[in-house]
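# Descriptive structure summary
In case you want the letters, here they are:
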Amino acid sequence: MAHQPETSPVGAELPPVDLRSDTVTKPTEAMYARMASAPIGDDGLDGDPTARELEQVGAAALGKEAGLFVPSCTMANLLATLAQSERSEQVVLESAAHMYVSERGAATFTGLFYLAVAGTAGAMDLNVLEDALQGEGLKLRTALVAMETSHNNASGAVLPLEHMQAVHAMASSRGVPVHLDGARIFNAATALGVAPDQVAKHCDTVALCLSKGLSAPAGAVLAGPREVIDRSRRFRRMLGGSQRQIGVLAAAGLEAVEVMGKRLAEDHRRARALSDALNKMHPKLSATIPQTNILQVDVSRSGRDSAAWSVALETAGVKARPWGRQRLRCVTHRHIDDADIERAVMAFRAVASGLVESIR
């Protein structure tokens, strides 16, 4: 199967160092090989065999009874919500969670309400959560509690397992299921030094994205109790998520789940190297200390906003994503090697010299 090479020809200009997201990762050679030979069928009729295998393997990796292959992690989160709640109920989640900040527009057709709970590094205030779970008087009934790890908006922070256990116990005691937005759960597990199922055991359902650091071209797996997954499969069909001969993509997902998690520590190490270098570079530039592969760079004291930095960095050969007006987000992944980190540091140094010094 023809595809773009991962490296530039000898003598060609180096491509930019792309730190915008780990979603820019391309399939591996092994993924292409599995895609080319994957058994396929109609997943909307009698089933695609490779998709069904991915669902089983993904569920097993997450320690759950059943799995469902879907086009995106956003859909996986939505299906978990639909399958475990009713209209006019509420979903409780941390105030900076991706499901709240970027996905709660789904409430326009689910009829659900989202209650944001203040947190620290992505971890909800347990006292506020307990109050939200009371459901007494005029309060809405809480149908679902959601957590996220690693936490995108908290610079890839990883929830302590003790916190996850406390949330799950608190919700379970009131008969409320817990969903985990585990788009990067393999990164979280790597940071904690445990298997992904040891993270996922503190929730009822979990969504895993295959197209970020795991490098599959698309897709996600929703895993949980078989009854919930069966309901989610019906909702997937209603939402237009049946994917026919999708085994071609599911084959890449199998490689992602079975193989790619083993190398994520490399991304974490390089993110920390970039953070350390940036924090030594300039007094008006500061970076978060990453637990995983995401760091945020605060440019608020530089006199230039994140958009100006992003433009200047791209001119210098580095792509970094504005994260609000005062921060940039940088994400390492398997296409970023040690030399790319050095190039990124040089670009930041050059831009800091130009942008910051020019306004003195």
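The protein chain is annotated in an unreviewed UniProt entry as Threonine aldolase of Bradyrhizobium betae. As stated in UniProt under Subunit (unreviewed entry), the record for the protein chain gives "Homotetramer."

## Re the UniProt feature "modified residue: N6-(pyridoxal phosphate)lysine" (unreviewed entry) in the protein chain
UniProt records the feature "modified residue: N6-(pyridoxal phosphate)lysine" (unreviewed entry) at K212, using the numbering of this structure. The residue K212 is located in the loop between strand 9 (205-209) and strand 10 (220-224) in this model. Apart from the residues within four sequence positions on either side, K212 is in contact with D22, T23, T25, A183 and R184.

## Some thoughts on the layout of surface pockets
The computed volume of the second largest pocket comes to approximately 340 Å³. Lining the second largest pocket we find 22 residues, and of these H98, N152, R184, K212 and R329 sit closest to its centre. Ranked by the residues each element gives to the lining of the second largest pocket, the list is headed by helix 3 (residues 73-83), at three residues. Built from parts of two domains, the lining of the second largest pocket gets at least three residues from each of domain 1 (17-23 + 263-353) and domain 2 (29-261).

## Remarks on the pairing of strand 2 (residues 66-70)
Burial within strand 2 is extensive, with five of its five residues counted as buried. A two-sided burial pattern is seen for strand 2, the buried positions comprising A66, L68 and V70 on one face and G67 and F69 on the other. Note that strand 2 and strand 10 share five bridges and pair antiparallel. Each bridged residue has a counterpart across the sheet, and for L68 the counterpart in strand 10 is L222.

## Section: the nonpolar core
Ranked by size, the top nonpolar core spans 48 residues in total, and within it V145, I185 and L210 carry the most contacts. Of all the elements, helix 11 (residues 247-258) adds the most residues to this core, at six residues. Not counting the four nearest positions on each side in its chain, L210 is found in contact with L54, F69, S215, A216, A218, G219, A220, V221, G253, A256 and V257. The next biggest cluster of nonpolar side chains, apart from the first, holds 29 residues, and it includes A80, A83, L144 and A220.

## Points about the pattern of salt bridges
This structure, assessed with the given rule, holds 19 salt bridges. The salt bridge partner of R272 is D276, with a shortest N-O separation of 3.0 Å. Taken together, the positions of R272 and D276, both in helix 12 (residues 264-279) and four residues apart, correspond to about one turn of that helix. Within this structure, R263, E266, D267, R269, R270 and D338 form a network of salt bridges that share partners.

## Structural notes on empty space enclosed by the protein
Here the structure, examined in full by the defined rule, presents two cavities of 30 Å³ or more. Counted as a void, the largest cavity has a volume near 50 Å³. Around the largest cavity, the lining residues are E94, A97, G122, A123, M124, A146, M147, E148, H151, L159 and H163. Elements with a contribution of two residues or more to the lining of the largest cavity: strand 6 (123-124) and strand 7 (142-148). Broken down by element, the lining of the largest cavity gets its largest block of residues, three residues, from strand 7. Of the volumes computed, that of the second largest cavity is approximately 40 Å³. Mapped onto the lining of the second largest cavity, the elements with two or more residues apiece are helix 8 (185-192) and strand 9.

Cut-offs and rules
Residues numbered from 1 in each chain as written. Predicted model: local features only at pLDDT ≥ 70, side-chain atom pairs only at ≥ 80, totals over all residues. Heavy atoms only, no water. UniProt positions renumbered as here; feature names shortened; annotations may be inferred. Helix = DSSP H or I, 4+ residues; strand = E, 2+ residues; numbered from the N terminus. Contact = heavy atoms within 4.5 Å. 1 Å grid on protein atoms, 1.4 Å probe; cavity = no way out; pocket = protein on both sides within 12 Å on 5 of 7 lines; lining within 4 Å. Points joined across faces, edges and corners; volume = space filled by probe spheres on them. Domains from an automatic or database assignment. Buried < 20%, exposed > 50% of the residue type's maximum accessible area, 1.4 Å probe, protein only. Pairing = 2+ DSSP bridges. Core = buried A, V, L, I, M, F, W, Y, C linked by side-chain atoms within 4.5 Å. Salt bridge = Lys/Arg side-chain N within 4 Å of Asp/Glu carboxyl O.

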